[in-house]
Every structure is written in structure tokens, then in C-alpha cells.
Amino acid sequence: MTRRVVVTGVGLVSAVGIGTEESWKNILAGRSGVGPITQFDTNGFAATIAAELKGFDPLQFVEKKEVKKMGRFIQAAMASTHFALEQAGLSIQPEMAERVGVYIGTGIGGFDVIEREHTAYMTGGPRKISPFFIPASIANLASGFVSIRWGAKGPNSATCTACSSSAHAVGDSYRIIARCDADVMISGGAEASITPLCVGGFAAMRALSTRNQEPERASRPFDRDRDGFVIGEGAGILILEEMGFAMKRDARILAEVVGYGMSGDAYHITSPPEDADGAVRVMRSALADAKVLPEQVNYINAHGTSTPYNDRLETLAIKKVFGEHARKLAVSSTKSMTGHLLGGAGGLEAGLSVLALRDQIIPPTINYENADPDCDLDYVPNQARPAEIDYALSNSFGFGGTNAALLFKRFTG
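Residues numbered from 1 in each chain as written. Predicted model: local features only at pLDDT ≥ 70, side-chain atom pairs only at ≥ 80, totals over all residues. Heavy atoms only, no water.

## Focus on helix 10 (residues 277-290)
For the record, the criterion: For helices the rule is a DSSP run of H or I covering at least 4 residues; for strands it is a run of E covering at least 2, with both sets numbered from the N terminus onward. To estimate how far a helix should extend, the number of its residues minus one is multiplied by 1.5 Å. Buried, partly exposed and exposed residues are distinguished by accessible area as a fraction of the type maximum, computed with a 1.4 Å probe on protein chains only: under 20%, between the cut-offs, and over 50%, respectively. Between two residues, a contact is recorded if the distance between any of their heavy atoms is within 4.5 Å.
Taking 1.5 Å of rise per residue, the 14 residues of helix 10 would be expected to cover 20 Å, and the 20 Å separating its terminal C-alpha atoms lies within 8% of that figure. Among the residues of helix 10, Gly278, Ala279, Val280, Val282, Met283, Ala286, Leu287 and Ala290 are the ones counted as buried. Along its buried surface, helix 10 packs onto strand 9 (255-264), helix 11 (308-322), strand 14 (391-398) and strand 15 (402-409). A positive backbone phi angle near 55 degrees is found at Lys291, which sits one or two residues after helix 10.

Structural data, given as C-alpha cells:
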């Protein structure tokens, strides 16, 4: 028998806030987290802006002796897990530990550590390489450190599917609980790739916005004048629980996970196909999994990267899946404020979708100023909107043509 899965905690660490409620408050206020890059000298770079974590102090969440063992993406995951568990009111006791799992995705992992240790090697030779280099940088150590810190002994895994990584982690966790392999999953994703090589690499692909003189206006999903995405960092972690387990401990239930879809484009390493086939199939798959009709969905937190191809083709996909109902849907991209967290995006945006259901309010797409004839849906321009939301869909699409869609339902018992 398939078990129902609910969300009891959301932990967010983003460019618009260190903590769930601070991030959510600033998202609803339409505040941009984008600014000039401060983490390295951007002289000579085409793109010099990013959505950095401002005021983030890992020592608030991790013991000093442990910080040097963690890449920045792991530190962000630890902080987000702290906030998620706090909101869920969950303390992992020994008798339940084997039924609590961790599943955290990342697209790139410890790029900052790799670049730092490569420099150490090139300037000082192999003896200068830190003994913590490998555990601080490999992708599954966000899950590993979270498991160790909070004593979660259940399923422990990680996804690395580019910008779909953390959406896949949440979806896989939903299925782990549904099939009775765990009662609780700490799931989501983290990314911290604002480094010279990463920014330079994306800029070389001409994927990044170069609106360097107007950083707060640079990320403008679905707007006619969009010119690329803005790289961001941070993490989004959800506490998923089997409904009976959550109710037995009298947890506050924020939303229910009811659908999960996966698909592959089998088309191109970076671009979606012109017919948006993969995006169409992944949304239909999530709806079919939930046995929900398209017209029942009220809100889509779009992948919405602010790149010319993605926004146009995601719009096309939504129209194909939802038909006439697409005109009644609210569609917004919170990347307009947080930047694009790459592998951490799906976790952050799933969390924001849950909060939208909790509070019955739709976050805006900021910097929407000039309509694009190919992007002609309701993108909730510039201001949050109170609305009745029963179902919210969160989309994530990654390089290599890997797609994920998560469907959440307002919890009514």
C-alpha cells in the first residue's frame, strides 16, 4: 500500500535571507538578492554579478573544527537542515534513527574547494593539499555530514543531475517513504559555485546575464529583454514524513507531496528541444502520478532561468500540458530574486512552493517589464498575489536533458 507523504519543515538559505522566514518575507516583498561578486576579483570577466549568500556565517551552524572539512555547499546544507528541522519540531531520537534518511542533491559540489586545492598544489606541490580536500568537495558529503550531525541512520544518498538535482532528491525521497523504506527523509539540495572557474565557464557558454551595471534587474525571467541567468548559491531542505508518523507526533503539516515526474530530452547537452517534449512529459508524469487533472493546478513555480530558450520553451510546454487552463494559471520564477542555484534550485523552489500553499500567496516574478510575444502567460509580475491554491507544481530542468517535476497539495487532512 502506498503511504501518504507530507512536508513538515522547510529550511532555506538564500541570497535573500539566511533562514526560512526571512527568505520568504523578502521573496514576497520582491527583493532581489543579486549584486556584484565579492568572493573573487572579477576583473576581465564578462559577468561580474551573482546572488551571493550575504551575512552567512557557517559557525552559527557548524562547530569551528568541522567548518574546514566542508565545502561551502555543505555548510549551506547544514544551515538549511537546521532551519528545516527547527520548523518541523523534529528531534531524531535513537529509537527512530534507522527510519530517518537523508537525500541531498548538488549539481557541481565543492567547486570552491577544488579550485582552492588546485591552487595549493600548483604553488606548493602535493604536500600542500589538505587532507580534507576530498570529503570537503565530493557531492554526497552534504548528505553524509547531515546524517552524522543529526544521527539519521536510514537511507543516505545524493543526486547529481545538474539543475534538477535537488528536485530529484525530493521526489526520490517521497517515493522512499511511500514504499515504506523510511518514515522521514531530510531532502533537497545545495550549491555554492560562485568561483572564478565556474563563473568563467558559464560565461564562456554565454549563459550568464551581463547586465553588470544593474545587478538587481539582471535576472528577468520571461521578460523580452532577458539575456541569461544569474548564478546563485544557497540551499533548500524539506522534511518529508509519512503522514501517520507526522500526525502521531502532532507535527504541523505544511503541504502534501502527491506527484513526481521524471523525463529525459535525449536531444542536446544544454538546450531543450524546440517542441519542449521533455518538459511536457515530465509535467504530465507528475500529474498522472498524483491522479490530478491539469485544471486542478493553480500555481507553477517555473524553472524560469531568464535565458531566451528556457523561458520560451517552458512557456510552450505549459501551454501544451494545460491547454486552455494555462491562461488561468499563475506562473512565477523566484529565480528573478534568488538567482539560479543550479543543483540547489529545485530544493529551494520546492520549499517556496510549499510556503505558497501554506500561506495561500503566490510569489512574484520581479523585473518583468516588457512582454515577450512567445512568453504570454500570467507570470505574476513584480508583486506577490494572495490566491486560493490547492495544487502547486515545481519544475526543474537540467543540462543533459534531465527533468523533474514535483506536485504539492494544500493539506486538508
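## Observations concerning the side chain of Ser147
Spelled out, the test is: Nitrogen and oxygen atoms within 3.5 Å of one another constitute a polar contact, given that in protein one can donate a hydrogen and the other can accept it, and given that sequence-neighbouring residues count only through two side-chain atoms.
By secondary structure assignment, the location of Ser147 is in helix 6 (residues 141-150). For Ser147, the side chain forms a polar contact with the main-chain oxygen of Ala152, separated by 2.6 Å.

## Focus: the state of the cysteines
Applied cut-off: Defined by distance alone, a disulfide is two cysteine sulfur atoms within 2.5 Å.
Applying the stated rule across the entire model yields 0 disulfides. With no disulfide of its own, Cys163 has Cys198 as its nearest cysteine by sulfur position, at a separation of 9.9 Å.

## Some thoughts on unusual backbone geometry
For Phe222, which is not glycine, the phi torsion reads 70 degrees and is therefore positive. Topologically, Phe222 is positioned in the loop between helix 8 (196-204) and strand 8 (234-242). Not every positive phi belongs to a glycine, and Lys291 is a case in point at roughly 55 degrees. Inspection of the secondary structure puts Lys291 in the loop between helix 10 and strand 10 (299-301).

## A look at the packing of helix 10 against helix 11
The line we're drawing: Helix axes are fitted only over the stretch in contact, all axes being lines through C-alpha atoms; the angle between N-to-C directions runs from 0 to 180 degrees. Here the word oblique covers every angle except those under 35 degrees (roughly parallel), over 145 (roughly antiparallel) and from 65 to 115 (roughly perpendicular). Here a crossing is called left-handed whenever its near helix is offset anticlockwise from the far helix by less than a right angle, and right-handed whenever the offset is clockwise. When residues are sorted by character, Ala, Val, Leu, Ile, Met, Phe, Trp, Tyr, Cys and Pro go into the nonpolar class, Asp, Glu, Lys and Arg into the charged class, and all the rest, Gly among them, into the polar class.
Running from N to C, helix 10 and helix 11 point in directions that differ by 45 degrees, and their axes come no closer than 8 Å. Judged by the inter-axis angle, helix 10 sits oblique to helix 11. Crossing geometry of helix 10 relative to helix 11 is assigned as right-handed. Across the interface between the two elements, Ala279, Val280, Met283, Arg284 and Leu287 of helix 10 pack against Ala317, Ile318, Lys320, Val321 and Phe322 of helix 11. Here the contact of helix 10 with helix 11 is composed, by residue class, of 8 nonpolar, no polar and 2 charged.

## Some words on a nonpolar patch on the surface
Selection rule: Patches draw on residues past 30% relative accessible area with no salt bridge. Two like charges within 9 Å are joined, as are two nonpolar side chains (Val, Leu, Ile, Met, Phe, Trp, Tyr) within 5 Å. Computed with a 1.4 Å probe, the accessible areas rest on the Shrake-Rupley method; for each residue, only the protein chains presented here act as cover. Salt bridges are defined as contacts in which a side-chain nitrogen from Lys or Arg sits within 4 Å of a carboxyl oxygen from Asp or Glu.
On the surface, Tyr121, Met122 and Ile129 cluster together to form a nonpolar patch covering roughly 300 Å² of accessible area. Locating Met122 in the fold gives a position in helix 4 (residues 111-124).

## Some thoughts on helix 8
Basically, it comes down to this: This arc describes the spread of directions from the helix axis toward the C-beta atoms.
Within helix 8, burial applies to Cys198, Val199, Phe202 and Ala203. Projected down its long axis, helix 8 carries its buried residues within an arc of 130 degrees, all on one side. For helix 8, the exposed residues set more than 90 degrees away from the buried face come down to Leu197 and Ala204. Buried positions along helix 8 lie against helix 4. After helix 8 finishes, the residue Arg206 shows a positive phi value of roughly 60 degrees.

## Describing the side chain of Asp183
Looking at the element boundaries, Asp183 is found in the loop between helix 7 (165-178) and strand 7 (184-191). Aside from chain neighbours lying at most four places away, what touches Asp183 is Arg3, Arg99, Ile177, Leu240, Glu241, Glu242 and Phe245.

## A word on the environment of His325
Following the sequence through the fold, His325 ends up in the loop between helix 11 and strand 11 (330-332). For the pair His325 and Gln296, spaced 29 residues apart in the sequence, the C-alpha separation amounts to 9.1 Å. Reaching out from His325, the side chain makes a polar contact with the backbone oxygen of Glu295 at a distance of 3.4 Å. Within the structure, the side chain of His325 is placed 2.7 Å from the backbone oxygen of Val297, a separation counted as a polar contact.

## A look at the packing of aromatic side chains
To be explicit about the condition: The criterion for an aromatic pair is that two Phe, Tyr or Trp rings (for Trp, the six-membered ring) have centres within 6.5 Å, with stacked assigned to planes under 30 degrees apart, edge-to-face to planes over 60 apart and tilted to the rest. We call a charge positioned above a ring when the Lys NZ or Arg CZ atom is no farther than 6 Å from the ring centre and deviates by at most 35 degrees from the ring normal.
The final tally for this structure, using the stated rule, is 7 aromatic pairs. Consider the rings of Phe40 and Phe45, whose centres lie 5.2 Å apart with planes at 55 degrees: the pair is tilted. Of the residues examined, Phe40 reaches a relative accessible area of 14% and is grouped as buried. A ring pair is formed by Phe61 and Phe83, whose centres lie 5.4 Å apart and whose planes are at 65 degrees; its orientation type is edge-to-face. You can see Phe61 sitting in the loop between strand 4 (49-50) and helix 2 (64-67) and its partner Phe83 sitting in helix 3 (residues 72-88), a full 22 residues away along the chain. Summarising the burial analysis for this pair, Phe61 and Phe83 share the class buried. Put simply, the rings of Phe56, Phe61 and Phe83 pair up and form one aromatic cluster. Over the ring of Trp150 we find Arg149, and its NZ or CZ is 4.6 Å from the ring centre.

## Some remarks on the packing of helix 3 against helix 6
Each pair of packed helices gets described by two things: the angle between the helix axes and the distance between those axes. Running from N to C, helix 3 and helix 6 cross one another at 45 degrees; their axes reach a closest spacing of 9 Å. Here helix 3 lies oblique to helix 6, going by the angle between them. In the crossing of helix 3 with helix 6, the sense of the turn from one axis to the other is right-handed. Residues Phe73, Ile74, Ala77, Met78, Thr81, His82 and Leu85 of helix 3 lie in contact with helix 6, whose contacting residues are Leu141, Ala142, Phe145, Val146, Arg149 and Trp150. Within the contact of helix 3 with helix 6, the residues separate by chemical class into 10 nonpolar, 2 polar and 1 charged.

## Quick word on the environment of Asp181
As for its placement among the helices and strands, Asp181 is situated in the loop between helix 7 and strand 7. Taking the relative accessible area as the measure of exposure, Asp181 reaches 38% and is therefore partly exposed. Measuring from C-alpha to C-alpha, the distance between Asp181 and Glu98 comes to 9.9 Å, with 83 residues separating the pair along the chain. Here Asp181 is in contact with Arg99, Pro155 and Ile176, once residues within four sequence places are set aside.

## With respect to the pairing of strand 8
For clarity, the cut-off: Between any two strands, at least two bridges found by DSSP are needed for them to pair.
In terms of burial, strand 8 is a largely internal element, 9 of the 9 residues being buried. Burial along strand 8 is two-sided: Gly234, Gly236, Leu238, Leu240 and Glu242 and Ala235, Ile237, Ile239 and Glu241, pointing in opposite directions, are all buried. Of the strand pairs in this sheet, strand 1 (residues 5-14) and strand 8 are connected by 8 bridges, and their pairing is antiparallel. Note that in strand 8 the partner of Val6 across the bridge is Glu241. For strand 7 and strand 8, the ladder comprises 8 bridges, and the chain directions are antiparallel. Counterpart to Val184 in the pairing with strand 8 is Glu241.

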